[in-house]
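Examining the three-dimensional arrangement
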Amino acid sequence: ELLRQILQGSVYQSDPNLGNFGILHNTDGKPVLGKRGEPQVIWYDSGAIEAISKEDQTLLLRLIKNIFTQSRELPETLLAMIKDSDGKAALTTELQDWVTTNLDIKTKSLDQVKSIFESFTDWVSEHNLEIDDKWISLADTLAMLAPLIEGCPEAIITTLVTQSMTKAGLLNPAERLALRFNLV
């Protein structure tokens, strides 16, 4: 549910530690299930709720897709996350070189997206640029989600990510199938 909020919702819990949410239970102790058959989540800290636009969701999904497919579009996607500045456009070639040098992905997971983003953040700092704060917050949230996602079957995560990419118009059905087999 937490990952679904980021990939498909309009708001997400930016501090998803175990003290900030729980599972709603019936009087018999069984979880209350929602429309998709998933347990209903209760949020305790509404001060940590952040909005995410459809454009930002699409950019995040494009980042995940470009990392997992090692797409040549990855530098453009990463550049879109940097705050506007005079030197930003001139770094496209240098960023392409960084991507080529630093991204040799053997396995694919959301934890790797976090790791790559952290490395990219360092690269941005070295070039005296800044990443928009909303991306830092989102990266921190994904980092906190990693331990919670670890217990979830990978097929569920893969399905959610590929469905979200398809909804955002980033994958056609054939690409979705190919990417699902590549992710699992």
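Structurally, the position occupied by Asp 45 is in the loop between strand E3 (41–43) and strand E4 (49–51). Between the C-alpha atoms of Asp 45 and Gln 13, which are 32 residues apart in sequence, the distance is 8.2 Å. Setting aside anything within four residues of it in sequence, one finds Asp 45 in contact with Gln 13, Asp 15 and Asn 20.

With that settled, the discussion passes to a negative patch on the surface. There is a patch of like negative charges on the surface, built from Glu 118, Asp 122, Glu 126 and Asp 140. Per element, the largest residue contribution to the negative patch is three residues, and it comes from helix H5 (residues 110–126). Note on Glu 118: relative accessible area 42%, which makes it partly exposed.

This part is about the side chain of Asp 56. Note on placement: Asp 56 falls in helix H2 (residues 54–69). Filtering out sequence-adjacent residues up to four positions away, Asp 56 remains in contact with Lys 134 and Trp 135.

Judged by nonpolar contacts, the single largest core of 42 residues is most densely connected at Ile 6, Leu 7, Leu 60, Leu 63 and Phe 120. Listing elements by their share of this core, those giving two or more residues are helix H1 (2–8), H2, helix H3 (74–79), helix H4 (92–102), H5, helix H6 (133–150) and helix H7 (154–167). The leading source of residues in this core is H2, at seven residues. Setting aside its immediate chain neighbours within four residues, Leu 60 contacts Ile 6, Leu 7, Trp 135, Leu 138 and Leu 142.

Under the definition given, this model contains three aromatic pairs. With a centroid separation of 6.1 Å and an interplanar angle of 55°, the aromatic rings of Trp 98 and Phe 120 are classed as tilted. Of this pair, Trp 98 sits in helix H4 while Phe 120 is found in helix H5, placing the two residues 22 residues apart along the sequence. Just as Trp 98 is buried, Phe 120 falls in that class too. One aromatic cluster in this structure is built from Trp 98, Phe 120 and Trp 123.

All right, on to the pattern of salt bridges then. The tally for this structure, following the rule as stated, stands at two salt bridges. Among the salt bridges present, the one from Asp 56 reaches Lys 134, with a minimum N-O distance of 3.1 Å. Of this pair, Asp 56 sits in helix H2 while Lys 134 sits in helix H6, placing them 78 residues apart in sequence. On the basis of relative accessibility, which here comes to 14%, the residue Asp 56 falls in the buried class. With relative accessibility at 37%, the residue Lys 134 sits in the partly exposed group. A salt bridge links Lys 83 to Glu 130; its shortest N-O distance comes to 3.4 Å.

Conventions we followed
Residues numbered from 1 in each chain as written. Predicted model: local features only at pLDDT ≥ 70, side-chain atom pairs only at ≥ 80, totals over all residues. Heavy atoms only, no water. Helix = DSSP H or I, 4+ residues; strand = E, 2+ residues; numbered from the N terminus. Contact = heavy atoms within 4.5 Å. Patch = residues over 30% accessible without salt bridge, like charges linked within 9 Å, V, L, I, M, F, W, Y side chains within 5 Å. Areas by Shrake-Rupley, 256 points an atom, 1.4 Å probe, with all protein chains shown as cover. Salt bridge = Lys/Arg side-chain N within 4 Å of Asp/Glu carboxyl O. Lys, Arg positive; Asp, Glu negative; His and termini not counted. Charge placed at Lys NZ, Arg CZ, Asp CG, Glu CD. Buried < 20%, exposed > 50% of the residue type's maximum accessible area, 1.4 Å probe, protein only. Core = buried A, V, L, I, M, F, W, Y, C linked by side-chain atoms within 4.5 Å. Phe/Tyr/Trp six-rings, centres within 6.5 Å; stacked < 30°, edge-to-face > 60°.

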